[in-house]
Structures are given as C-alpha cells and as structure tokens.
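# A look at the structure
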Amino acid sequence: MTSEVIQAQWIAQCDAVTAILRAGGGQAGLAKPEQVAGKTGLEILQAMLSGALPYPHIADTMDFALIEASFGSATFQSTPQLKHYNPLDSVHGGWYATLLDSALGCAVQSTLPAGRSYTTAELGVNIVRAASHTSGPLRAIATVLHSGRQLATAEARIVGPDGKLYAHASTTCLVFEAKAI
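Presented here is a report on the structure given in the accompanying data block.

Rules behind the numbers
Residues numbered from 1 in each chain as written. Predicted model: local features only at pLDDT ≥ 70, side-chain atom pairs only at ≥ 80, totals over all residues. Heavy atoms only, no water. Helix = DSSP H or I, 4+ residues; strand = E, 2+ residues; numbered from the N terminus. Rg over C-alpha atoms; globule rule 2.2 N^0.38 Å. Buried < 20%, exposed > 50% of the residue type's maximum accessible area, 1.4 Å probe, protein only. Contact = heavy atoms within 4.5 Å. Salt bridge = Lys/Arg side-chain N within 4 Å of Asp/Glu carboxyl O. Phe/Tyr/Trp six-rings, centres within 6.5 Å; stacked < 30°, edge-to-face > 60°. Lys NZ or Arg CZ within 6 Å of the ring centre and 35° of its normal.

Once that is clear, we can look at the overall build of the chain. Assigned secondary structure in the chain consists of five helices and six strands. Secondary structure elements of the chain occur, N-terminal to C-terminal, as α-α-α-α-β-β-α-β-β-β-β. What you see for the chain is a C-alpha radius of gyration of 16 Å, in line with the 16 Å of a compact globule of 181 residues. The principal-axis extents of the C-alpha atoms in the chain amount to approximately 45 × 35 × 35 Å. The proportion of buried residues among the 181 residues of the chain is 41%. In the chain, 66% of the contacts between residues at least 6 apart in sequence involve partners at least 24 apart.

Dropping the structure here:
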C-alpha cells in the first residue's frame, strides 16, 4: 500500500471519529465522577470515542484526536500546523512531547481497572526527524510494556503514513486509586 493511500485512510478515519464525536454530542470537557464510576480505563476511552463522554480540552488546544484505543494501546493523530511552530521556524518540541504523552497515557489508562487512575511520572522524548505543516497527518502509536499496581511503563512512536519515524518516547506512570470527587 502506498503512503498516499495510507494517508487518505488516516484522514478518513480521523474524519469518521470526529463525525461520531459530533453526532454523539461529544465535546471537550471534564467527565463527572458519576459518568466514569465503575468503568475501566478502556471503557472510559471507548466512551470518549463514541461521544458519550467529553474528550479532554488539550485535544482542541493541540489539534489532535484519539483515533483508536484497545487494551494496552492507543493511537492519536495530528497534523502539525504553523501555530505549533517555535520562533526558529520549526515545530516546537512541546508538540511532539504532548502528542506522545497523550498516546502513552491513554495506552496506560486502557489497562487500568475501574477505580484506578494514573499520572505521568517520567517522560523521555527523542525527536529524530523534523515535522512541518507540510508533513500531513502523523500518528503517535503507544503500547504498554508493563502495567502494575503502582507503576506502568509504555513506549510510543510518531510515524508518518510512509512509515518514517519522527519521534519516539517512553514513560513511567504512577498508578493510584482514583479519589471520588
């Protein structure tokens, strides 16, 4: 399959996810505790993808979207834009880090039982290729390596439709009991 075909599929899949979110009333916001009570991390992510739960505001801020979530993995998609540039005329490192951190965190979340939550304790990012506003859609694909009672680790890559690697990262997340608000 050519990179052009893959890119078209990625764009279509992102458009389909966005259409589902809008049709289901999905919008940026914070879920109420009663909306997530009793749900596993994966069930929460799937509810976001269906529009039943709000997705995080950072998705609008950074113009990215959760595309897929399954147990132990998560995929996000974004296209770098000029508003993501730094003063040196290149995509800001924070764009890569935020996209990777989001995919890594959601991959970890997908493994958590009901009543458990996480926070990023460590994030290591390596940018290996410059992205630009002409790069087209890029995907951050994350996979959990370990999900324990107190710690979880995961790795992720930002890739283009041609398979080229733009950045990779690893994380350690602290896992804890979610407090009722």
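For the rest of this paragraph, the subject is the pattern of salt bridges. Enumeration according to the criterion identifies one salt bridge in this entry. Put simply, D63 and K83 hold a salt bridge, and the shortest N to O gap is 2.6 Å. Taken together, the residues D63 in the loop between α4 (57-62) and β1 (64-70) and K83 in the loop between β2 (73-78) and α5 (93-109) connect sequence positions 20 residues apart. With a relative accessible area of 28%, D63 lands in the partly exposed category.

A separate point is the packing of aromatic side chains. Under the definition given, this model contains two aromatic pairs. Plain terms: the ring middles of F64 and F76 are 5.2 Å apart, the flat faces sit at 85° to each other, and that makes the pair edge-to-face. Taken together, the positions of F64 in strand β1 and F76 in strand β2 put the pair twelve residues apart, joining distant regions of the chain. Neither residue differs from the other here; F64 and F76 are each classed as buried. Between W95 and Y96 the ring centres are 5.3 Å apart and the planes differ by 80°, which places this aromatic pair in the edge-to-face class. A relative accessible area of 3% places Y96 in the buried class. In this arrangement the basic side chain of R129 is found over the ring face of Y166, its NZ or CZ atom lying 5.8 Å from the centre.

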